[in-house]
Amino acid sequence: MSSVVLGVGASHSTLMNTHWNEVDHLPGAHRFRDGLLQARRVLAEARADTVVIIGSNHFRGFFLDLMPAITVGVGEVLGAGEAGTPSGPLSVDTDLARHLVDSLVDDGFDPAFSLRLTVDHGITHSLQHLVPEPGVPIVPVVINMFAPPLPALARCHALGRAIASAVGRDGADKRVAVIASGGLSHQLPWPAWFEALSDDDRFLVEAWLNGRHSWAEYEVRRRQIIRAARPQINEEFDRRFLAMIEAGDLGPLLGLSSAQVAARAGNGAQEIRAWIAMVAALGPCTGRTLAYAAMDEWLTGMAVAVLEPRS
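None of the values given here were measured: they were computed from a predicted structure. (Residues numbered from 1 in each chain as written. Predicted model: local features only at pLDDT ≥ 70, side-chain atom pairs only at ≥ 80, totals over all residues. Heavy atoms only, no water.)

Draft legend 1. Just the overall build of the protein chain, in detail. A count of helices and strands for the protein chain gives 10 helices and 9 strands. Burial status across the protein chain gives 57% buried among its 311 residues. For the protein chain, the proportion of contacts with a sequence separation of at least 24, taken over those separated by at least 6, is 82%. For the protein chain, the accessible area works out to roughly 12600 Å², and carbon and sulfur atoms hold 51% of it. Considering the protein chain, the positive charge centre built from 26 side chains and the negative charge centre built from 34 side chains are found 3 Å apart. (Helix = DSSP H or I, 4+ residues; strand = E, 2+ residues; numbered from the N terminus. Buried < 20%, exposed > 50% of the residue type's maximum accessible area, 1.4 Å probe, protein only. Contact = heavy atoms within 4.5 Å. Areas by Shrake-Rupley, 256 points an atom, 1.4 Å probe, with all protein chains shown as cover. Lys, Arg positive; Asp, Glu negative; His and termini not counted. Charge placed at Lys NZ, Arg CZ, Asp CG, Glu CD.)

Draft legend 2. Geometry of the environment of A44. Inspection of the secondary structure puts A44 in helix α2 (residues 27-45). Exposure remark for A44: the relative accessible area of 38% places this residue in the partly exposed category. In this structure the C-alpha to C-alpha distance between A44 and L130, which are 86 residues apart in sequence, comes to 9.0 Å.

Draft legend 3. Highlighting the packing of aromatic side chains. Per the counting criterion, the structure on display carries 10 aromatic pairs. Relative to F241, the ring of F237 lies with its centre 6.5 Å away and its plane at 5 degrees, an arrangement referred to as stacked. Note that F237 and F241 are positioned in helix α8 (residues 235-247) at a spacing of 4 residues, about one turn of the helix. Accessibility classification places F237 together with F241 in one group, the buried group. Ring centres of F241 and W275 lie 5.7 Å apart, and the angle between their planes is 70 degrees; on these two criteria the pair is classed as edge-to-face. Of this pair, F241 sits in helix α8 while W275 sits in helix α10 (residues 272-282), and the two are 34 residues apart along the sequence. (Phe/Tyr/Trp six-rings, centres within 6.5 Å; stacked < 30°, edge-to-face > 60°.)

Draft legend 4. Highlighting the side chain of E219. Its place among the elements puts E219 in helix α7 (residues 219-227). A residue is classified by how much of its surface remains accessible, and E219, at 18% relative accessible area, is buried. If sequence neighbours within four positions are ignored, E219 has contacts with R60 and E82.

Draft legend 5. Focus on the packing of helix α5 (residues 153-168) against α10. Two numbers describe how α5 lies on α10: the axes approach to 7 Å, and their chain directions differ by 40 degrees. Between α5 and α10, the interaxial angle falls into the category oblique. In this structure, α5 crosses over α10, and the sense of that crossing is right-handed. Contacts between α5 and α10 pair L153, C156, H157, G160, R161 and A164 from the former with I272, R273, I276, A277, A280 and A281 from the latter. Of the residues that constitute the contact of α5 with α10, the class distribution is 8 nonpolar, 2 polar and 2 charged. (Axes fitted to C-alpha atoms, helices over the stretch in contact; angles between N-to-C directions. Parallel < 35°, antiparallel > 145°, perpendicular 65-115°, else oblique. Left-handed = near helix turned anticlockwise from the far one by under 90°. Nonpolar A, V, L, I, M, F, W, Y, C, P; charged D, E, K, R; others polar.)

Draft legend 6. Layout of α2. Here α2 contains 19 residues, and its C-alpha end-to-end distance of 27 Å stays within 8% of the 27 Å for a straight helix at 1.5 Å per residue. Looking only at α2, the buried set comprises G28, A29, F32, G35, L36, A39, V42 and L43. Looking down the long axis of α2, one finds its buried residues gathered within 145 degrees of arc, a one-sided arrangement. Facing away from the buried surface of α2 by more than 90 degrees, the exposed residues are P27, R41 and E45. Contact partners of the buried residues in α2: β1 (3-10), α1 (15-18), α4 (121-129), β7 (175-181), β8 (285-295) and β9 (300-309). Looking one or two residues past α2, R47 carries a phi angle of roughly 50 degrees, positive in sign. (Expected span 1.5 Å × (residues − 1). Arc of directions from axis to C-beta.)

Draft legend 7. Main features of the nonpolar core. With 53 residues, the main nonpolar core has I54, V72, I272 and W275 as its most contacted residues. Beyond its immediate chain neighbours, meaning those up to four positions away, V72 contacts A97, L100, V101, L104, A112, F113, S114, V139, P140 and V141. Among the nonpolar cores identified, the runner-up in size contains 42 residues, and V8, L36, A293 and V306 belong to it. (Core = buried A, V, L, I, M, F, W, Y, C linked by side-chain atoms within 4.5 Å.)

Draft legend 8. Main features of the environment of R202. You can see R202 is positioned in helix α6 (residues 199-210). The partly exposed category is assigned to R202, whose relative accessible area is 43%. Along the chain, R202 and V220 lie 18 residues apart, while their C-alpha atoms are 15 Å from each other. Setting aside anything within four residues of it in sequence, one finds R202 in contact with A196 and L197. Among the polar contacts made by the side chain of R202, one reaches the main-chain carbonyl oxygen of L197 at a distance of 2.6 Å. (Polar contact = N/O pair within 3.5 Å; in protein donor to acceptor, adjacent residues only side chain to side chain.)

None of this, on its own, says anything about what the molecule does.
What follows is the structure in structure tokens.
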């Protein structure tokens, strides 16, 4: 019987790859990077055979022509390769991925699956900075966190429990780690797709709708729009969330609506869904926050935490 042996949560920012020189003087940037390195060592010590990475997609592999709530890559998985993140074919545990889809259906979920999935830094940032060996296979689980309507927080918690149940019923004897990629508080200059008011809004929605085969053509202006945004980080929200992570209990959050999450911590904080699913996959657990920094330069509350199942 396989088992979940470790959980890791980590924020992501491609600016860490492309503009490190702009933040090299900031202690917070170094705290976050050092936290990633420490989590990478913990993950190596866990000797995971497979890593399930739960994350988002920033309209580079998923688009408004078809937006599933939950998607599992069960065959070929390609990294988009934006901003220095891994590109091309990624190593995938296709046996566990296919079993996961079947098991989720049995548990009352309706996941989409893909035999040729493109993932962006919502998955690959963690693969790049956390997974200790390039040959360790992954199972990518992409949750829609940016194109309303979004799956409820409680539904994402149930998804995490279902992932753990699937791992335990896979008929193998694997050590499985679960990584959550995304968050914490941040506000992206992204409109709701149904309220595109400014020229920038309309440009972004066009990119999200028509970019399936040409997403890179939109990248320069997308990047300019994002880099021009004003940071809106709620450090109090982030620290309370991390305290819940350390306790292994996110119950007080699960009743929040998407609108309430956005009002308290910004639209980018919808990515806490990945963390919620990861915590649920661990079951009873204890956590440690390895790093936190409110990084205005990256628009985001940047955190790293590890969770271990209670014996």
